[in-house]
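One letter stands for each residue in the lines below.
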Amino acid sequence: MFRRRTPQTCPGLEKFLRPTPSFIKCPFCGAEVEIWSDEDSAICDNCGRRVRRDQEEVSCLDYCPYAEKCREILASLKREEDQGE
Ligand SMILES: [Zn+2]
């Protein structure tokens with residue numbers, strides 16, 4: 001997998017910079033739904049409904065006083081991706 005330069009961020013951003021999948025149980029049909037660590041919700045493969053991540057799972061962006069800086073970094077990375085390089 002290709003590695004891009006990693007900006008200086010706090011460790012809490014790791015899950016946004018290097019998303020990892022996890023599985024949650026679909027509340028509608030009980031199937032396992034894959035949800036990525038940088039996403040709040042995913043579509044259940046089994047029933048096609050949108051499943052939201054547990055609200056209890058907060059990221060450091062929700063309480064960190066420096067969250068604005070990190071949001072800027074994430075936003076600029078996203079812009080780079082959108083431009084294809
Ligand atoms: Zn489902």
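Conventions and cut-offs
- Residues numbered from 1 in each chain as written.
- Predicted model: local features only at pLDDT ≥ 70, side-chain atom pairs only at ≥ 80, totals over all residues.
- Helix = DSSP H or I, 4+ residues; strand = E, 2+ residues; numbered from the N terminus.
- Buried ≥ 20, exposed ≤ 12 C-beta atoms within 10 Å, placed from the backbone.
- Expected span 1.5 Å × (residues − 1).
- Pairing = 2+ DSSP bridges.
- Contact = placed C-beta atoms within 7 Å.
- pLDDT = per-residue confidence, 0-100.

Novice: Can you break down the overall build of the protein chain residue by residue, with the values?
Specialist: Across its full length, the protein chain carries two helices and four strands. Going from the N terminus to the C terminus, the protein chain shows its helices and strands as α-β-β-β-β-α. When burial is assessed residue by residue, the protein chain has 7% of its 85 residues classed as buried.

Novice: Describe helix α2 (residues 67–82), and please don't skip the residues or the numbers.
Specialist: When the terminal C-alpha atoms of α2 are compared, their 22 Å separation across 16 residues agrees well with the 22 Å that a helix rising 1.5 Å per residue should span. A small share of α2 lies buried, amounting to one of its 16 residues.

Novice: Lay out the environment of Lys69 with the relevant residues and their values.
Specialist: Along the chain, Lys69 falls in helix α2. Through-space distance from the C-alpha of Lys69 to that of Thr9 is 8.9 Å; in sequence the pair is 60 residues apart.

Novice: Any details on the pairing of strand β1 (residues 21–25)? Residues and values, ideally.
Specialist: Of all five residues that make up β1, zero are buried, and the element is exposed over most of its length. In the sheet, β1 pairs with strand β2 (residues 32–36) via five bridges, with the strands oriented antiparallel. Residue Phe23 lies in a different strand from β2, and its bridge partner there is Glu34.

Novice: Kindly report on the environment of Cys10, identifying the contributing residues and their values.
Specialist: Note on placement: Cys10 falls in the segment before α1 (14–17). Cys10 gets classed as partly exposed once you count the C-beta atoms within 10 Å, which come to 14. Taking C-alpha positions, Cys10 is 8.1 Å from Cys70, a pair spaced 60 residues apart along the chain. Other than its neighbours up to four places away in sequence, Cys10 contacts Cys60 and Cys70.

Novice: Help me get a handle on the environment of Cys70, residues and values and all.
Specialist: By the secondary structure assignment, Cys70 is in helix α2. Between the alpha carbons of Cys70 and Gly12 there is a distance of 9.6 Å; along the sequence they are 58 residues apart. When residues no more than four places from it in sequence are discounted, the contact partners of Cys70 are Thr9, Cys10, Leu13 and Leu61.

Novice: Tell me about the confidence of the model for the protein chain, and name the residues and values.
Specialist: Scored by pLDDT, the protein chain comes out at a mean of 83, with 85% of its residues at no less than 70. Model confidence for the protein chain, summarised as mean pLDDT per element, is weakest for α1 at 79 and strongest for strand β3 (residues 41–43) at 93.

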